[in-house]
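So the chains spell out like this:
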Amino acid sequence: MFLTPVILDVLFTLLNSAAYSLGQKLGEVAGDYIGSKVERSSISALLPSSVKEDPRYVEALKKYEQSLTHANQLKEQEL
């Protein structure tokens, strides 16, 4: 099944926004679970160096930061 580019763009925007919101909520829940709302940098400090040096972790962080940037751009466009 092929979707037109217009539909794909709308779906991408909706899903990206939903994924960002879900990530924010999961972060809040994880922070509460740890004992308090923890900043992303503090969570990173809790990880062992073997995880921090894993290329998959590094790539995931890059993608996460890109999604934050994209979400912020979308919010600015809405304003």
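Residues numbered from 1 in each chain as written. Predicted model: local features only at pLDDT ≥ 70, side-chain atom pairs only at ≥ 80, totals over all residues. Heavy atoms only, no water.

Moving on, we get to the overall build of the protein. Helix and strand counts for the protein come out as four helices and zero strands. Across the 79 residues of the protein, 9% fall into the buried class. Carbon and sulfur atoms form 63% of the exposed surface of the protein, whose accessible area is close to 6,800 Å². (Helix = DSSP H or I, 4+ residues; strand = E, 2+ residues; numbered from the N terminus. Buried < 20%, exposed > 50% of the residue type's maximum accessible area, 1.4 Å probe, protein only. Areas by Shrake-Rupley, 256 points an atom, 1.4 Å probe, with all protein chains shown as cover.)

Quick look at a nonpolar patch on the surface now. A cluster of nonpolar residues, Ile7, Leu8, Leu11 and Leu15, forms a patch on the protein surface that exposes about 360 Å² of accessible area. Considering the arrangement of structural elements, one finds leucine 8 in helix α1 (residues 5–34). (Patch = residues over 30% accessible without salt bridge, like charges linked within 9 Å, V, L, I, M, F, W, Y side chains within 5 Å. Salt bridge = Lys/Arg side-chain N within 4 Å of Asp/Glu carboxyl O.)

Attention now moves to the pattern of salt bridges. In the structure shown here, the tally under the stated rule is one salt bridge. Between arginine 56 and aspartate 54 there is a salt bridge, and its shortest N-O distance comes to 2.7 Å. Of the residues examined, arginine 56 reaches a relative accessible area of 66% and is grouped as exposed.

Once that is clear, we can look at the confidence of the model for the protein. In the predicted model, the protein carries a mean pLDDT of 77, and 76% of its residues have values of at least 70. Across the protein, the secondary-structure element scoring lowest on mean pLDDT is helix α2 (residues 40–46), at 66, and the one scoring highest is helix α4 (residues 55–78), at 85. (pLDDT = per-residue confidence, 0-100.)

Our focus in this paragraph is the environment of alanine 71. Looking at the element boundaries, alanine 71 is found in helix α4. Under the relative-accessibility criterion, alanine 71 is labelled buried at 8%.

Once that is clear, we can look at α4. Helix length check: α4 (24 residues) gives 35 Å between terminal C-alpha atoms against 34 Å at 1.5 Å per residue, within 8%. Of all the residues in α4, the buried ones are Leu68, Ala71 and Leu74. (Expected span 1.5 Å × (residues − 1).)

Further remarks concern the environment of serine 21. Mapped onto the secondary structure, serine 21 falls in helix α1. On the basis of relative accessibility, which here comes to 39%, the residue serine 21 falls in the partly exposed class. Here the alpha-carbon distance between serine 21 and alanine 71, two residues 50 residues apart in the chain, equals 9.5 Å.

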